[in-house]
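Structural characterization, general
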Number of protein chains: 2
Amino acid sequence: MLFWGLVGGVLLALLKVVEYQHFVRAYPSAVYGGLVAALFAALGLYLGRRWNRGRKVLVVEPVRAPRQEPFVANAEVLEALGITPREHQVLELIAEGLSNREIGERAFISENTVKTHSSRLFDKLGVRRRVQAVRRGRELGLIP
Amino acid sequence: MLFWGLVGGVLLALLKVVEYQHFVRAYPSAVYGGLVAALFAALGLYLGRRWNRGRKVLVVEPVRAPRQEPFVANAEVLEALGITPREHQVLELIAEGLSNREIGERAFISENTVKTHSSRLFDKLGVRRRVQAVRRGRELGLIP
DNA sequence: CGCGGAATCACCCGAACGGGTGACGCGCTC
DNA sequence: GAGCGCGTCACCCGTTCGGGTGATTCCGCG
C-alpha cells in the first residue's frame, strides 16, 4: 500500500515535471521526454521482473520421493525455483525445528543472514511461514 | 494495493484532464511525452518479463504421494502422552502451516485458546517450537 | 573491465509465537 | 459436594519471525 502510494506520488511528480516543461520552454522537450521515457522504462523493467518472480509454475513429473535412506534432493525443482545451496541448507535446518539463531550458529553465519536466506527461500517456495516451507519442501522432494 | 493503484490512477487521470484543458492545445508536446512514457513503460515491462522467461516456467503441482489408506493416529502414544482430542486437532492444523489465528478460525475458538492448547501440546511433546512439534508428531505417528 | 548473482550482515518495524498466570463452566467420579 | 480433567478465554511479557531496505564482498562470465 505504501508502495503503491509512492508509485502514485512518483507518477504525480513526473507529470509535474512534464507540466513544468511548458513553462520552461527554453529547453527542447526531447530532453524531458527522454527522461520520462527512461524513468518509465526502468519502472516497467523493475515491475516486470518483480511480477514474474514467484510466478513460476512447474510441471511436475511424478517424482516419487524414494523412501530409502540415502536421500537426495530433487535437483530439477531446486534449479527450477532458483534455490541456492545456502537457501537449501537453511531449509533443511528449519525442518529440523531450529530457530534462526540456532541455524546461524550451526552454519556459522549471523542470524540476520539466516533471515535473509529464509526470506528469499519462502519467496521462492511461495510460502509465508516456516512450517509451510517445510511442508512444501517435502512435497517437492527438497528435504526428506 | 489495488486500492492505492487506483488512487494513483485516478489522480493521474485528473491531472491529465486538467493538463489537457489548460495546456495541451497550446503545447501538444505533453501528449508526446506521455505517449513516449507509456511506450517505454510497456517496453520495459515486456523486456522485464522476457528476461525472466528464459528460465523454466512452470508451476508446481505437488507430487501427491500415494496416500493409500486413511491415516489413523497412534492412539497408544496419544494416550500415553495425555494428549487430548482438541490438542491433537491443533497439532494437525499446526502441521498444515496455519497460524494460531487461522487455527482459531478453523476450529471456531479464540486465538488465545489455540495458544493454550498448543502450549500444553508442546509441553506434552517435549518441544518448544511448532516445527519441532510437527516433526515429533510425525515420528510418533500422530499425524500423517 | 564491468556486471550480475550469491552470500554476508545490519537495522527497523510489526506481527506471530511461547510461556506464565488466572479464571470460568461442564461433566464425571469419588 | 469436592475434586478433577477438559475446554474455553483473557492478559502480560519477552522472544522469534517475516518483510523491507540498503550495503559490502567475492566470483564468474562476457
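Above this text is the structure in question.
This write-up is about the structure you can find in this document. (Residues numbered from 1 in each chain as written. Chains lettered and ligands numbered in written order. Predicted model: local features only at pLDDT ≥ 70, side-chain atom pairs only at ≥ 80, totals over all residues. Heavy atoms only, no water.)

1. Some thoughts on the packing of helix α4 (residues 85–95) of chain B against helix α7 (residues 130–139) of chain B
Residues and elements named next belong to chain B. For the pair α4 and α7, interaxial distance at closest approach is 9 Å and the crossing angle is 110°. With respect to α7, the element α4 is oriented roughly perpendicular. Taking contact as the criterion, the partners of Leu91, Ile94 and Ala95 in α4 are, on α7, Arg130, Ala133, Val134 and Gly137. (Axes fitted to C-alpha atoms, helices over the stretch in contact; angles between N-to-C directions. Helix = DSSP H or I, 4+ residues; strand = E, 2+ residues; numbered from the N terminus. Parallel < 35°, antiparallel > 145°, perpendicular 65-115°, else oblique. Contact = heavy atoms within 4.5 Å.)

2. Comments concerning the side chain of Glu87(A)
Residues and elements named next belong to chain A. Among the structural elements, Glu87 can be located in helix α4 (residues 85–95). Residue Glu87 is classed as buried on the basis of its relative accessible area, which comes to 3%. Side-chain polar atoms of Glu87 contact the backbone nitrogen of Thr84, separated by 3.0 Å. Once residues lying within four places of it in the same chain are set aside, the contact partners of Glu87 are Gly82, His117, Arg120, Leu121 and Lys124. (Buried < 20%, exposed > 50% of the residue type's maximum accessible area, 1.4 Å probe, protein only. Polar contact = N/O pair within 3.5 Å; in protein donor to acceptor, adjacent residues only side chain to side chain.)

3. A word on the protein's contact with DNA strand D
Taken together, 21 residues surround DNA strand D, and among them Asn100(A), Lys115(A), Thr84(B), Arg86(B) and Ser110(B) come closest. The protein-proximal atoms of DNA strand D, defined as those within 4 Å of the protein, are 67% sugar or phosphate. The separation between a phosphate oxygen of DNA strand D and a polar main-chain atom of Ser110(B) is 2.7 Å. Separating a base nitrogen of DNA strand D from a side-chain N or O atom of Thr116(B) is a distance of 3.2 Å. Taken together, the elements giving at least two residues each to the surface near DNA strand D come down to α5 (100–107) and α6 (111–125) of chain A together with α4 and α6 (111–125) of chain B. (Near = heavy atom within 4 Å.)

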